[in-house]
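The chain contents come next:
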Amino acid sequence: MPVRVADRATAEHLTPPRRRAGTPPPRWRSRKAKGLAYAAPTAVFVAVFFLLPLLLVGQMSLSDWPLLGGDRGVNAPENYTDITDGTLFWPAIRFTLLYTVIVTVVLLALALLLALLVQESRPGAGFFRTVYFLPGALGLASASLLFWGLYSPTTGPLSRILEGFGLVDDPVSFLGSPTSALWSTVFLIVWKFAGFYMLILLVGLQRIPHEVYEAARTDGASRPQIFRSITLPLLRPSLALCLLLCVTGSLLAFDQFFILTKGGPDNSTVTVVQLIYREAFQRLNLGTAAALSILVLAALLLLNALQFRGLRRADES
C-alpha cells in the first residue's frame, strides 16, 4: 500500500534530526556553558589579582624601577646580583630558615598533643577545644600588638609577674637580645596557631575508624605501638597539610617581626619578606624588591613540589 504524501510529511516532522558525528548533544553543550559561566568569575579574579601582578613583578625584576621614578628600562641581571651582594641577604635567609624549623617542629608537636588530649568525647572536651582554638580567631597583627605590650619591660605585666615571684631582680627585656627575641616571637606564633592546627589534626583523628584501634588492643598492642603503627600513618594526610601550611607561613613571616622587633636587635631578626619591604619602601628600589620576590616564589614552588613528591613516595611505600 503506497504511503500518502501527508503521512510521509508527518513522519519526517516527528523524526528528530540526525546529529552529525562528533557533534556534542545540546544538553552537554548546555552543561559546558554553565560550567564556564560558573568558572568565569574565578578565572577573572585569578587573572586580575595574580597573573597580571606576577607579570608586572617579573618586569620590575628585570628593570631599573625606583619607587618614585617609574620604569627606566631593562637592567637585567643587575637587580638579582645586587640582592646577593647585600649584607643582609644571607643572614636573612639563615634566620628565616632557622625560624621556620623551630616553629614547624614546636607548633606541630604541640598541636598533635592538644588534638590527642581532646580527641575523645568526654565531659569538658568541647570547652577545651574552644579555648585552644580561640587565639586563632585573633588577627596576627592584633596578636603581635598584644604581645608587644605584654613583653614591654616597663609597662608589660610579664616582667612584673616574674619580679613579684622573685624569679628576676630587674625588668626582663624579652625582645632585647637575638635569642630572646626569636623565642618570644615563636611563643606568640605557637600561642596563636596551635589551636588552628589542632583542629585540622582533630578532624584527621576522628576519621580513623574505631574498629582499627579495637583490633589493635585485642591483639595486645600498647598505646605507643598503636600511636606509632596506626595513628601516625593514618594521620599522614592531615600532618602533610599542616606541614605545608606551617612551612609556607613561616617562610613568609613578616607581621610578627615587623611589629615586635622591627628586625632588631642589630638586624638579627630580619626575615626575607622584611628584606623585600626594606628594599621597596626604605631604599625605594622596586626592581631589587621584585627580584627578591621572584626568588622567594621560586623557592616556595620548589619546596612545595619536593614536599608533595616526598609525601607521594611515602604513600606508595
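Quantities reported herein were computed from a predicted structural model and do not represent experimental measurements.

Another aspect to go through is the nonpolar core. Membership of the largest hydrophobic core comes to 40 residues, with the highest contact counts inside it found for Tyr99, Val103, Leu107, Val186, Tyr197 and Leu201. Within the residue set of this core, elements represented by two or more residues are helix H4 (89-117), helix H6 (140-151), helix H8 (178-206), helix H9 (210-218), helix H10 (223-234), helix H11 (236-251) and helix H12 (255-260). Looking at this core, the element that brings in the most residues is H8, giving 13 residues. Non-local contacts of tyrosine 197, meaning those with residues more than four positions away in its chain, are made with Leu107, Ala111, Cys242, Leu245 and Cys246. Ile276, Leu286, Ala290 and Leu292 belong to the second-largest nonpolar core, a separate cluster that totals 19 residues.

The next subject is empty space enclosed by the protein. Throughout the structure, instances matching the rule amount to one cavity of 30 Å³ or more. Approximately 30 Å³ is the volume found for the largest cavity. If you go around the largest cavity, the residues you meet are Ala240, Leu243, Leu244, Gln307, Phe308 and Leu311. For the lining of the largest cavity, the residue count by class is five nonpolar, one polar and no charged.

Let us now look at a negative patch on the surface. A cluster of acidic residues, Asp64, Asp71, Glu78, Asp82 and Asp85, forms a negative patch on the protein surface. Locating aspartate 85 in the fold gives a position in helix H3 (residues 78-85).

Turning our eyes to something else, we now look at the layout of surface pockets. The computed volume of the largest pocket comes to approximately 410 Å³. If you trace the largest pocket, you find it lined by Leu116, Gln119, Glu120, Leu205, His210, Tyr213, Arg217, Ala221, Arg223, Ile226, Phe227 and Thr231. Counting residues per element, the ones that place at least two in the lining of the largest pocket are H9 and H10. At four residues, the largest contribution of residues to the lining of the largest pocket is made by H10. Within this model, the second largest pocket holds a volume of roughly 360 Å³. In terms of lining, the second largest pocket is formed by 18 residues, of which the most central are Leu54, Val57, Ser293, Ile294 and Leu297. If one sorts the elements of the lining of the second largest pocket by residue count, helix H14 (residues 286-316) sits on top with eight residues.

This part is about unusual backbone geometry. The omega torsion across alanine 76 and proline 77 is -5°, close enough to zero to call that bond cis. Here proline 77 shows up in the loop between helix H2 (26-61) and H3. Here glycine 264 and proline 265 are connected by a cis peptide whose omega angle stands at 0°. Here the phi dihedral of lysine 262 falls at roughly 55°; this positive angle occurs in a residue that is not glycine. Relative to the helices and strands, lysine 262 is located in the loop between H12 and helix H13 (272-281). Despite not being glycine, aspartate 266 shows a phi value in the positive range, around 55°. Secondary-structure assignment places aspartate 266 in the loop between H12 and H13. Given a relative accessible area of 77%, aspartate 266 falls into the exposed group.

Basis of the calculations
- Throughout, residues of each chain are indexed from 1 in the direction in which the sequence is written.
- Residue-level local features of this predicted model are given only where pLDDT is at least 70; pairs of side-chain atoms are given and counted only at 80 or more, and the full residue set underlies all totals for whole chains, interfaces and linings.
- Each side-chain value is worked out from all heavy atoms of the structure, with water and hydrogens disregarded.
- Throughout this description, the term nonpolar core refers to a set of buried Ala, Val, Leu, Ile, Met, Phe, Trp, Tyr and Cys residues connected via side-chain atoms within 4.5 Å.
- Type-normalised accessible area, obtained with a 1.4 Å probe on protein chains alone, sets the label of each residue: buried when under 20%, exposed when over 50%, and partly exposed for intermediate values.
- Under the scheme used here, helices are H or I runs from DSSP no shorter than 4 residues and strands are E runs no shorter than 2 residues, and both carry numbers assigned from the N terminus.
- Here, two residues are considered to be in contact whenever any of their heavy atoms come within 4.5 Å of each other.
- Points on a 1 Å grid, built from protein atoms alone, make a cavity when a 1.4 Å probe fits but cannot get out and make a pocket when they are open with protein on both sides within 12 Å along at least 5 of 7 lines; residues with an atom within 4 Å of a point are the lining residues.
- Grid points are joined across faces, edges and corners, and a volume is the space filled by probe spheres set on the points.
- Three categories are distinguished: nonpolar for Ala, Val, Leu, Ile, Met, Phe, Trp, Tyr, Cys and Pro, charged for Asp, Glu, Lys and Arg, and polar for the others, with Gly belonging to the last.
- Patch membership requires more than 30% relative accessible area and the absence of a salt bridge. Residues of like charge join within 9 Å; the nonpolar side chains Val, Leu, Ile, Met, Phe, Trp and Tyr join within 5 Å.
- Residue exposure ignores everything except the shown protein chains as possible cover, and the areas themselves are Shrake-Rupley values with a 1.4 Å probe.
- Whenever Lys or Arg places a side-chain nitrogen within 4 Å of a carboxyl oxygen from Asp or Glu, that contact is recorded as a salt bridge.
- Neither His nor the chain ends is counted toward charge; the positive residues are Lys and Arg and the negative residues Asp and Glu.
- The atom standing in for a charge is NZ when the residue is Lys, CZ when it is Arg, CG when it is Asp and CD when it is Glu.

Taken by themselves, the reported measurements are silent on function.
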